[in-house]
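Per-entry structural report
The chain contents come next:
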Amino acid sequence: MKLIDGKAISQQIKDEVKDKVAKMKAEGKEVALAVILVGDDPASAVYVGNKKKACEYTGIRSESYELPADTSQEKVLALIDELNNREDIQGILVQLPLPKQIDEKAVIDAISPDKDVDGFHPVSVGRLSIGEKGFLPCTPAGVIELIKRSGIETEGKHCVVIGRSNIVGKPMALLMLRENATVTICHSRTKDLKEICKSADILIAAVGKPKMVDRSYVKEGACVIDVGIHRLEGKKLCGDVDFDDVKDVAGAITPVPGGVGPMTIAMLMKNCAESLEA
Ligand code: NAD
């Protein structure tokens, strides 16, 4: 069994971004990311802190806008409009979820697709679905990097994605299609889920249910990618895959933590560095 090391691969990507940003700086071009955080959700504050740290590491300038929980939607939209028009800002990220009085869709739609480093804008989603160049959502794009950099073949392989969310499952399936896999998307209404999963050469779990995928879902030798993150009692992390049960059946597998998790921020940095070239 090959353990797919997301920690090492994400570090490699951050180092590549660091080199690229340094080269750009030498040519007089700076990369900057604006991060908007509304309210004081502790998990969001941790995510934003990690993004800032990754910016510091890679040499990307970050500007942070921390707004109170009762900020109006108009105020957030006005800030996005200002950032859209600023030439010294290449990427805009709004940390989700937003407080109730703010419509997430309106906020995502307001970000210029040329600065949409999270890849959530409908234009970015459309570009992905018709195979045009555009920003890719960071978590599924990170899964593609894990698969490619681990030397796992995708062409003609059967890939089963469990989950059809807009953030992970759907774009994941589109990206695997782009890698010439034969793709099946499963979801909460799928019949014979186990049978379908058992036919996968590459099984990607983005289902949001702790340890749901055990060895009865996995074909001998399959590559298993676990997107799930759950904090168990006692604070231990686990994924959607029962790692200990599956590891002896899988040909390759991502652990949790240290698999897909660290890839998301690395891909955000990559998107920021590439935004200048867009
Ligand atoms: P979601 O809840 O939006 O979507 C879950 C999907 O799974 C849905 O499409 C649903 O149809 C499907 N599903 C639910 N129960 C099912 C069942 N019993 N059988 C088959 N399908 C079922 O979740 P999401 O935002 O896509 O996230 C999925 C997981 O990935 C979560 O654990 C989340 O924490 C994690 N996640 C990790 C990262 C990261 O950076 N690594 C990023 C985003 C999400």
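Residues numbered from 1 in each chain as written. Predicted model: local features only at pLDDT ≥ 70, side-chain atom pairs only at ≥ 80, totals over all residues. Heavy atoms only, no water.

Quick look at the site of the ligand
Taken together, 22 residues sit near the ligand, with Arg164, Ser165, His187, Ser188 and Thr264 positioned nearest. For the ligand, an oxygen atom lies 2.8 Å from a polar atom in the backbone of Arg164. Here an oxygen atom of the ligand and a backbone polar atom of Val227 are 3.3 Å apart. Looking at the shell around the ligand residue by residue, the class counts come to nine nonpolar, ten polar and three charged. (Near = heavy atom within 4 Å. Polar contact = N/O pair within 3.5 Å; in protein donor to acceptor, adjacent residues only side chain to side chain. Nonpolar A, V, L, I, M, F, W, Y, C, P; charged D, E, K, R; others polar.)

A look at the sheet that holds strand β1 (residues 2-3)
Sheet strands pair via backbone hydrogen bonds, and the direction of the pair is either parallel or antiparallel. Ordered by their spatial adjacency, six strands build an open sheet running β1-β11-β8-β7-β5-β6, and the pairing between neighbours is parallel. The sheet is open, and its two edges are formed by β1 and β6 (182-186), each paired on a single side. Pairing geometry for strand β5 (residues 158-162) and β6, over five bridges, is parallel. Bridging across to β6, His158 finds its partner in Thr182. (Pairing = 2+ DSSP bridges. Helix = DSSP H or I, 4+ residues; strand = E, 2+ residues; numbered from the N terminus.)

Some words on the domain arrangement of the protein chain
It is common to give the size of an interface as the accessible area lost on bringing the parts into contact. Partitioning the protein chain into domains gives domain 1 (28-120) and domain 2 (138-261). Using only C-alpha atoms to locate each centre, domain 1 and domain 2 end up separated by 29 Å. (Domains from an automatic or database assignment.)

Regarding the pattern of salt bridges
According to the stated counting rule, one finds 15 salt bridges in the structure shown. Note that Glu145 is salt-bridged to Lys270, the shortest N-O span being 3.8 Å. In this pair, Glu145 sits in helix α6 (residues 138-149) while Lys270 sits in helix α10 (residues 263-275), placing the two residues 125 residues apart along the sequence. You can call Glu145 buried: its relative accessible area is 14%. Between Glu179 and Lys148 there is a salt bridge, with its nearest N and O atoms 3.3 Å apart. One end of the pair, Glu179, is in the loop between α7 (169-178) and β6; the other, Lys148, is in helix α6, and 31 residues separate them in sequence. Of the residues examined, Glu179 reaches a relative accessible area of 19% and is grouped as buried. (Salt bridge = Lys/Arg side-chain N within 4 Å of Asp/Glu carboxyl O. Buried < 20%, exposed > 50% of the residue type's maximum accessible area, 1.4 Å probe, protein only.)

Some details on the pairing of strand β3 (residues 61-67)
Pairing geometry for strand β2 (residues 32-38) and β3, over seven bridges, is parallel. Paired with Val35 across the bridge in β3 is Ser64. What joins β2 to β3 is helix α2 (residues 42-58), and the crossover it makes is right-handed. (Right-handed = clockwise from strand over helix to strand, strands pointing away.)

What to know about the side chain of His121
Inspection of the secondary structure puts His121 in the loop between α4 (104-110) and α5 (122-130). Exposure remark for His121: the relative accessible area of 8% places this residue in the buried category. Within polar-contact distance, the side chain of His121 engages the backbone oxygen of Asp109 at 3.0 Å. Residue contacts for His121: discarding those within four places in its chain leaves Ile108, Asp109, Ile111, Pro113 and Asp116. (Contact = heavy atoms within 4.5 Å.)

Here's the deal with helix α3 (residues 73-84)
Between the first and last C-alpha of α3 there are 16 Å, a value that for twelve residues agrees with the 16 Å anticipated at 1.5 Å per step. The complete set of buried residues in α3 reads Gln73, Val76, Leu79, Ile80, Leu83 and Asn84. All buried residues of α3 project into a common sector of 140 degrees when viewed along the axis, lining one side. Opposite its buried face, α3 presents the exposed residues Glu74 and Lys75, each directed more than 90 degrees away. Elements in contact with the buried residues of α3: β2, β3, β4 (91-94) and α4. (Expected span 1.5 Å × (residues − 1). Arc of directions from axis to C-beta.)

Notes on the packing of aromatic side chains
A full pass over the atoms with the stated rule returns zero aromatic pairs. Across the ring face of Tyr57, the terminal group of Lys18 is positioned such that the distance to the ring centre comes to 4.4 Å. (Phe/Tyr/Trp six-rings, centres within 6.5 Å; stacked < 30°, edge-to-face > 60°. Lys NZ or Arg CZ within 6 Å of the ring centre and 35° of its normal.)

Topic: the sheet that holds β4
Reading across the sheet, the three strands line up as β3-β2-β4 and stay open at both edges, with parallel pairing between neighbours. Each edge of the open sheet is held by one strand with a lone partner, namely β3 and β4. Direction aside, the axes of adjacent strands within the sheet are offset by 15 degrees on average. (Axes fitted to C-alpha atoms, helices over the stretch in contact; angles between N-to-C directions.)

Observations regarding the nonpolar core
Among the nonpolar cores identified, the biggest contains 49 residues, and Leu33, Ile60, Met176 and Ile204 are the most heavily contacted of them. Examining the composition of this core, we find that seven residues originate from one element, α10, more than from any other. Each residue touching Leu33, except ones within four places of it in the same chain, is listed here: Cys55, Ile60, Arg61, Ser62, Glu63, Gly91, Ile92, Leu93, Val117, Leu268 and Cys272. Listed in part, the 18 residues of the second largest apolar core include Val160, Tyr217, Val249 and Ala250. (Core = buried A, V, L, I, M, F, W, Y, C linked by side-chain atoms within 4.5 Å.)

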